[in-house]
Amino acid sequence: MDKKVSLFKNTGILYIVPTPIGNLSDITYRALETLKEVNLIACENIQHTNILLKHFNIKNTLISFSKDNEVQKTDHLINILKKGKYIALVSNAGTPVINDPGYLLIKKCHLFNIKIIPLPGPCAAITALSASGISTHRFCYEGFLPSKKKLRRDLLCSLKKEKRTIICYESKHRIIETIKDIINEIGENRHIVIAREITKKWEIIHGNKASLMLSWIKSDVNRHKKGENVIIIDGYKELKSINPSDKIINTFTILKKFLSLKQSVFITSKIHKINKNNLYQYAIKNKEK
Ligand code: SAM
(Lines give C-alpha, C1' and ligand atoms only; values in the text may rest on other atoms or scores of the structure.)
Protein backbone atom coordinates (compact mmCIF):
# COMPACT_ATOMS: atom_id res chain seq x y z
CA MET A 1 0.00 0.00 0.00
CA ASP A 2 1.39 3.40 -0.95
CA LYS A 3 -0.01 6.16 1.20
CA LYS A 4 1.10 8.82 -1.24
CA VAL A 5 -1.24 7.63 -3.97
CA SER A 6 -4.95 7.79 -3.23
CA LEU A 7 -6.89 4.95 -4.83
CA PHE A 8 -10.22 6.67 -4.41
CA LYS A 9 -10.89 9.83 -6.34
CA ASN A 10 -10.09 12.90 -4.23
CA THR A 11 -10.76 11.23 -0.87
CA GLY A 12 -8.75 9.13 1.49
CA ILE A 13 -9.48 5.65 2.77
CA LEU A 14 -10.65 4.42 6.15
CA TYR A 15 -9.17 1.01 6.98
CA ILE A 16 -10.95 -1.06 9.64
CA VAL A 17 -8.14 -3.02 11.28
CA PRO A 18 -8.88 -5.86 13.73
CA THR A 19 -6.25 -6.49 16.41
CA PRO A 20 -5.59 -9.57 18.61
CA ILE A 21 -8.00 -10.47 21.44
CA GLY A 22 -5.19 -11.81 23.61
CA ASN A 23 -2.50 -13.49 21.56
CA LEU A 24 -0.34 -10.97 19.68
CA SER A 25 0.57 -13.59 17.09
CA ASP A 26 -2.99 -13.34 15.80
CA ILE A 27 -2.24 -10.03 14.07
CA THR A 28 -2.27 -10.41 10.28
CA TYR A 29 0.49 -9.33 7.87
CA ARG A 30 -1.99 -7.06 6.20
CA ALA A 31 -2.94 -5.40 9.49
CA LEU A 32 0.72 -4.70 10.27
CA GLU A 33 1.35 -3.34 6.79
CA THR A 34 -1.71 -1.10 7.04
CA LEU A 35 -0.80 0.21 10.51
CA LYS A 36 2.67 1.05 9.18
CA GLU A 37 1.53 2.79 6.02
CA VAL A 38 -1.52 4.88 6.94
CA ASN A 39 -1.14 8.58 7.76
CA LEU A 40 -2.94 8.22 11.08
CA ILE A 41 -4.26 5.54 13.45
CA ALA A 42 -7.53 6.31 15.27
CA CYS A 43 -7.54 4.14 18.38
CA GLU A 44 -9.76 3.52 21.39
CA ASN A 45 -6.90 3.88 23.85
CA ILE A 46 -3.57 5.42 22.89
CA GLN A 47 -1.55 3.65 25.61
CA HIS A 48 -3.04 0.28 24.69
CA THR A 49 -2.36 0.67 20.97
CA ASN A 50 1.14 2.00 21.65
CA ILE A 51 1.98 -1.32 23.33
CA LEU A 52 0.82 -3.17 20.20
CA LEU A 53 2.78 -0.89 17.86
CA LYS A 54 5.91 -1.09 19.99
CA HIS A 55 5.73 -4.88 19.98
CA PHE A 56 5.74 -4.87 16.18
CA ASN A 57 8.20 -2.02 15.89
CA ILE A 58 5.74 0.29 14.16
CA LYS A 59 5.93 4.06 14.49
CA ASN A 60 2.91 6.10 13.46
CA THR A 61 0.70 8.94 14.65
CA LEU A 62 -2.12 8.01 17.02
CA ILE A 63 -5.33 9.88 17.71
CA SER A 64 -7.80 8.97 20.44
CA PHE A 65 -11.17 7.72 19.22
CA SER A 66 -13.19 6.36 22.14
CA LYS A 67 -16.86 6.11 23.01
CA ASP A 68 -16.48 9.34 25.06
CA ASN A 69 -15.18 11.47 22.18
CA GLU A 70 -16.58 9.53 19.21
CA VAL A 71 -19.07 12.23 18.16
CA GLN A 72 -16.59 15.15 18.00
CA LYS A 73 -13.75 13.04 16.64
CA THR A 74 -15.89 11.59 13.84
CA ASP A 75 -16.22 15.00 12.14
CA HIS A 76 -12.52 15.65 12.63
CA LEU A 77 -11.57 12.30 11.03
CA ILE A 78 -14.03 12.82 8.17
CA ASN A 79 -12.34 16.18 7.38
CA ILE A 80 -8.94 14.47 7.31
CA LEU A 81 -10.27 11.73 5.03
CA LYS A 82 -11.83 14.32 2.73
CA LYS A 83 -8.32 15.75 2.28
CA GLY A 84 -7.21 12.41 0.84
CA LYS A 85 -5.45 10.94 3.89
CA TYR A 86 -5.45 7.27 4.91
CA ILE A 87 -6.66 6.39 8.40
CA ALA A 88 -6.68 3.04 10.23
CA LEU A 89 -9.38 2.48 12.83
CA VAL A 90 -8.45 0.11 15.66
CA SER A 91 -10.03 -0.75 19.01
CA ASN A 92 -8.41 -2.20 22.11
CA ALA A 93 -9.02 -5.73 20.91
CA GLY A 94 -10.83 -7.56 18.14
CA THR A 95 -12.79 -6.07 15.29
CA PRO A 96 -13.48 -2.32 15.63
CA VAL A 97 -17.15 -1.29 15.55
CA ILE A 98 -18.29 -4.67 16.96
CA ASN A 99 -19.30 -3.44 20.42
CA ASP A 100 -16.54 -0.89 19.98
CA PRO A 101 -16.55 2.72 18.73
CA GLY A 102 -16.75 3.46 15.01
CA TYR A 103 -20.31 2.99 13.80
CA LEU A 104 -20.90 6.73 13.38
CA LEU A 105 -17.62 7.16 11.52
CA ILE A 106 -18.44 4.32 9.11
CA LYS A 107 -21.92 5.74 8.55
CA LYS A 108 -20.49 9.17 7.72
CA CYS A 109 -17.90 7.66 5.36
CA HIS A 110 -20.82 6.18 3.41
CA LEU A 111 -22.58 9.54 3.48
CA PHE A 112 -19.55 11.37 2.07
CA ASN A 113 -18.58 8.64 -0.37
CA ILE A 114 -15.31 7.92 1.41
CA LYS A 115 -13.84 4.51 0.67
CA ILE A 116 -13.80 1.98 3.52
CA ILE A 117 -11.55 -1.07 3.45
CA PRO A 118 -12.33 -3.63 6.17
CA LEU A 119 -9.59 -6.14 7.03
CA PRO A 120 -10.65 -9.56 8.31
CA GLY A 121 -9.27 -10.56 11.69
CA PRO A 122 -9.93 -11.52 15.31
CA CYS A 123 -13.40 -11.20 16.81
CA ALA A 124 -14.27 -12.81 20.16
CA ALA A 125 -17.87 -13.63 19.17
CA ILE A 126 -16.98 -15.55 16.02
CA THR A 127 -13.93 -17.24 17.55
CA ALA A 128 -16.06 -18.47 20.48
CA LEU A 129 -18.89 -19.59 18.20
CA SER A 130 -16.53 -21.60 16.00
CA ALA A 131 -15.41 -23.69 18.99
CA SER A 132 -18.74 -23.91 20.83
CA GLY A 133 -20.07 -27.14 19.35
CA ILE A 134 -23.41 -25.33 19.04
CA SER A 135 -24.94 -24.93 15.59
CA THR A 136 -23.20 -22.24 13.56
CA HIS A 137 -25.71 -22.51 10.74
CA ARG A 138 -27.81 -19.54 11.87
CA PHE A 139 -26.94 -17.25 14.76
CA CYS A 140 -27.74 -13.86 16.25
CA TYR A 141 -25.40 -11.52 18.06
CA GLU A 142 -26.69 -9.71 21.15
CA GLY A 143 -23.46 -8.00 22.23
CA PHE A 144 -23.48 -7.13 25.94
CA LEU A 145 -26.68 -8.03 27.75
CA PRO A 146 -28.18 -5.06 29.64
CA SER A 147 -26.54 -4.47 33.02
CA LYS A 148 -29.89 -3.64 34.66
CA LYS A 149 -31.47 -6.83 35.99
CA LYS A 150 -35.01 -6.15 34.79
CA LEU A 151 -33.89 -5.22 31.26
CA ARG A 152 -31.60 -8.24 31.10
CA ARG A 153 -34.36 -10.59 32.21
CA ASP A 154 -36.84 -9.07 29.75
CA LEU A 155 -34.38 -9.45 26.91
CA LEU A 156 -33.58 -13.06 27.80
CA CYS A 157 -37.31 -13.80 28.09
CA SER A 158 -37.83 -12.38 24.58
CA LEU A 159 -35.06 -14.74 23.36
CA LYS A 160 -36.60 -17.88 24.89
CA LYS A 161 -38.02 -19.07 21.58
CA GLU A 162 -35.20 -17.74 19.38
CA LYS A 163 -34.28 -20.67 17.16
CA ARG A 164 -30.91 -19.31 16.11
CA THR A 165 -27.78 -19.72 18.24
CA ILE A 166 -27.39 -16.65 20.47
CA ILE A 167 -24.02 -14.97 21.11
CA CYS A 168 -23.55 -12.58 24.05
CA TYR A 169 -20.62 -10.81 25.64
CA GLU A 170 -20.55 -10.78 29.42
CA SER A 171 -18.31 -9.18 32.04
CA LYS A 172 -16.72 -11.23 34.78
CA HIS A 173 -18.72 -9.28 37.40
CA ARG A 174 -22.11 -10.36 36.07
CA ILE A 175 -21.43 -13.87 34.82
CA ILE A 176 -23.16 -15.62 37.76
CA GLU A 177 -26.20 -13.32 37.69
CA THR A 178 -26.54 -13.76 33.95
CA ILE A 179 -26.39 -17.56 34.10
CA LYS A 180 -29.07 -17.45 36.83
CA ASP A 181 -31.20 -15.24 34.57
CA ILE A 182 -30.70 -17.63 31.64
CA ILE A 183 -31.91 -20.48 33.87
CA ASN A 184 -34.98 -18.52 35.00
CA GLU A 185 -35.96 -16.97 31.66
CA ILE A 186 -34.81 -19.53 29.09
CA GLY A 187 -34.65 -22.74 31.08
CA GLU A 188 -32.29 -24.82 33.21
CA ASN A 189 -31.90 -27.44 30.47
CA ARG A 190 -30.82 -25.10 27.70
CA HIS A 191 -27.28 -25.91 26.55
CA ILE A 192 -24.83 -23.03 26.90
CA VAL A 193 -21.12 -22.60 26.35
CA ILE A 194 -18.80 -20.15 28.07
CA ALA A 195 -15.66 -19.20 26.16
CA ARG A 196 -13.34 -17.36 28.50
CA GLU A 197 -9.99 -15.73 27.83
CA ILE A 198 -9.90 -17.04 24.27
CA THR A 199 -6.37 -17.12 22.77
CA LYS A 200 -4.88 -16.35 26.20
CA LYS A 201 -2.99 -18.49 28.74
CA TRP A 202 -6.09 -19.35 30.79
CA GLU A 203 -8.37 -19.99 27.82
CA ILE A 204 -11.29 -22.25 28.66
CA ILE A 205 -14.25 -23.31 26.55
CA HIS A 206 -16.83 -25.26 28.51
CA GLY A 207 -20.44 -26.15 27.86
CA ASN A 208 -23.32 -27.95 29.57
CA LYS A 209 -26.95 -27.35 30.44
CA ALA A 210 -27.45 -23.98 32.14
CA SER A 211 -28.08 -25.36 35.64
CA LEU A 212 -24.85 -27.40 35.55
CA MET A 213 -22.91 -24.43 34.20
CA LEU A 214 -24.02 -22.47 37.27
CA SER A 215 -22.78 -25.27 39.57
CA TRP A 216 -19.51 -25.36 37.61
CA ILE A 217 -18.96 -21.63 38.14
CA LYS A 218 -20.00 -21.76 41.78
CA SER A 219 -17.56 -24.62 42.42
CA ASP A 220 -14.67 -22.19 41.91
CA VAL A 221 -16.01 -18.66 42.04
CA ASN A 222 -12.59 -16.99 42.27
CA ARG A 223 -11.36 -18.58 39.07
CA HIS A 224 -14.59 -18.04 37.18
CA LYS A 225 -14.93 -14.40 38.14
CA LYS A 226 -11.76 -13.59 36.22
CA GLY A 227 -11.26 -12.76 32.57
CA GLU A 228 -13.42 -11.97 29.57
CA ASN A 229 -16.38 -14.10 28.55
CA VAL A 230 -18.46 -14.93 25.55
CA ILE A 231 -21.66 -16.88 26.22
CA ILE A 232 -23.13 -18.99 23.45
CA ILE A 233 -26.73 -20.13 23.99
CA ASP A 234 -28.21 -22.96 21.98
CA GLY A 235 -31.28 -21.97 19.99
CA TYR A 236 -34.82 -23.03 20.88
CA LYS A 237 -35.68 -26.51 19.65
CA GLU A 238 -39.31 -27.11 18.87
CA LEU A 239 -40.38 -30.55 19.99
CA LYS A 240 -42.22 -32.26 17.20
CA SER A 241 -45.59 -33.55 18.35
CA ILE A 242 -45.66 -37.27 17.78
CA ASN A 243 -48.38 -39.84 17.63
CA PRO A 244 -46.73 -42.97 18.93
CA SER A 245 -47.74 -46.25 17.37
CA ASP A 246 -49.97 -48.72 19.30
CA LYS A 247 -46.87 -50.84 19.96
CA ILE A 248 -45.10 -47.92 21.66
CA ILE A 249 -48.21 -47.01 23.69
CA ASN A 250 -48.57 -50.64 24.81
CA THR A 251 -44.97 -50.81 26.03
CA PHE A 252 -45.34 -47.49 27.81
CA THR A 253 -48.68 -48.40 29.44
CA ILE A 254 -47.31 -51.68 30.81
CA LEU A 255 -44.17 -50.07 32.16
CA LYS A 256 -46.15 -47.21 33.68
CA LYS A 257 -48.00 -49.68 35.91
CA PHE A 258 -44.74 -50.51 37.71
CA LEU A 259 -42.49 -47.53 37.15
CA SER A 260 -42.51 -43.73 37.31
CA LEU A 261 -43.47 -41.68 34.26
CA LYS A 262 -39.85 -40.68 33.71
CA GLN A 263 -38.56 -44.27 33.92
CA SER A 264 -41.33 -45.57 31.67
CA VAL A 265 -40.57 -42.91 29.04
CA PHE A 266 -36.87 -43.64 29.23
CA ILE A 267 -37.19 -47.43 28.82
CA THR A 268 -39.87 -47.17 26.10
CA SER A 269 -37.73 -44.76 24.11
CA LYS A 270 -34.76 -47.13 24.40
CA ILE A 271 -36.80 -50.18 23.33
CA HIS A 272 -38.37 -48.43 20.33
CA LYS A 273 -35.40 -46.18 19.54
CA ILE A 274 -37.43 -42.97 19.64
CA ASN A 275 -36.74 -39.49 21.06
CA LYS A 276 -37.45 -39.56 24.80
CA ASN A 277 -38.36 -35.86 25.01
CA ASN A 278 -41.00 -36.22 22.33
CA LEU A 279 -42.50 -39.25 24.09
CA TYR A 280 -42.34 -37.42 27.40
CA GLN A 281 -44.29 -34.48 25.93
CA TYR A 282 -46.85 -36.92 24.53
CA ALA A 283 -47.14 -38.72 27.88
CA ILE A 284 -47.65 -35.43 29.77
CA LYS A 285 -50.29 -34.29 27.28
CA ASN A 286 -52.18 -37.57 27.57
CA LYS A 287 -51.73 -38.06 31.31
CA GLU A 288 -55.32 -37.36 32.20
CA LYS A 289 -56.83 -39.31 29.32
N1 SAM B 1 -14.66 -5.71 19.19
C2 SAM B 1 -14.38 -6.83 20.06
C3 SAM B 1 -14.47 -8.13 19.24
O4 SAM B 1 -14.36 -8.07 18.02
O5 SAM B 1 -14.59 -9.19 19.83
C6 SAM B 1 -15.32 -6.85 21.25
C7 SAM B 1 -15.14 -5.67 22.14
S8 SAM B 1 -16.13 -5.71 23.58
C9 SAM B 1 -15.86 -4.11 24.21
C10 SAM B 1 -15.18 -6.66 24.70
C11 SAM B 1 -15.84 -7.98 25.07
O12 SAM B 1 -15.53 -8.97 24.10
C13 SAM B 1 -15.37 -8.57 26.38
O14 SAM B 1 -16.04 -8.01 27.49
C15 SAM B 1 -15.71 -10.03 26.23
O16 SAM B 1 -17.07 -10.27 26.44
C17 SAM B 1 -15.38 -10.22 24.73
N18 SAM B 1 -13.97 -10.64 24.59
C19 SAM B 1 -12.95 -9.89 24.13
N20 SAM B 1 -11.82 -10.62 24.14
C21 SAM B 1 -12.13 -11.84 24.63
C22 SAM B 1 -11.39 -13.03 24.89
N23 SAM B 1 -10.09 -13.10 24.65
N24 SAM B 1 -12.06 -14.10 25.39
C25 SAM B 1 -13.38 -14.04 25.63
N26 SAM B 1 -14.12 -12.94 25.41
C27 SAM B 1 -13.51 -11.86 24.91
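Conventions used here
- Residues numbered from 1 in each chain as written.
- Predicted model: local features only at pLDDT ≥ 70, side-chain atom pairs only at ≥ 80, totals over all residues.
- Heavy atoms only, no water.
- Patch = residues over 30% accessible without salt bridge, like charges linked within 9 Å, V, L, I, M, F, W, Y side chains within 5 Å.
- Areas by Shrake-Rupley, 256 points an atom, 1.4 Å probe, with all protein chains shown as cover.
- Salt bridge = Lys/Arg side-chain N within 4 Å of Asp/Glu carboxyl O.
- Helix = DSSP H or I, 4+ residues; strand = E, 2+ residues; numbered from the N terminus.
- Domains from an automatic or database assignment.
- Contact = heavy atoms within 4.5 Å.
- Buried area = accessible area lost by both parts, 1.4 Å probe.
- Polar contact = N/O pair within 3.5 Å; in protein donor to acceptor, adjacent residues only side chain to side chain.
- Nonpolar A, V, L, I, M, F, W, Y, C, P; charged D, E, K, R; others polar.
- Core = buried A, V, L, I, M, F, W, Y, C linked by side-chain atoms within 4.5 Å.
- Buried < 20%, exposed > 50% of the residue type's maximum accessible area, 1.4 Å probe, protein only.

(A) Inspection of a nonpolar patch on the surface at higher detail. Taken together, the side chains of Phe266, Ile267 and Ile271 define a hydrophobic patch exposed on the protein surface, amounting to about 250 Å² of accessible area. Looking at the secondary structure, you find Ile271 in helix 11 (residues 261-272).

(B) Quick peek at the domain arrangement of the chain. Looking at the assigned domains, one finds that the chain contains domain 1 (13-122), domain 2 (125-233) and domain 3 (246-285). The straight-line distance from the C-alpha centre of domain 1 to that of domain 2 is 29 Å. Domain 1 puts 6 residues into the contact, and the matching count from domain 2 is 8 residues. Roughly 530 Å² of surface becomes buried between domain 1 and domain 2 when both sides are summed, with 54% attributable to carbon and sulfur atoms. At the junction of domain 1 with domain 2, the criterion picks out 2 residue pairs in polar contact (both at pLDDT 80 or more). Of the residues that constitute the side of domain 1 that touches domain 2, the class distribution is 2 nonpolar, 3 polar and 1 charged.

(C) View of the nonpolar core. Counting 21 residues, the largest nonpolar core has Ile175, Ile179, Ile182, Ile192, Ile194, Ile217 and Ile233 as the members making the most contacts within it. Secondary-structure elements contributing two or more residues to this core are strand 7 (165-170), helix 7 (175-185), strand 8 (191-196), helix 8 (210-218) and strand 10 (229-233). Other than its neighbours up to four places away in sequence, Ile175 contacts Glu170, Ile194, Ile217, His224, Asn229 and Ile231. Grouped together as the second largest cluster of nonpolar side chains are 19 residues, Leu35, Cys43, Leu53 and Ile117 included.

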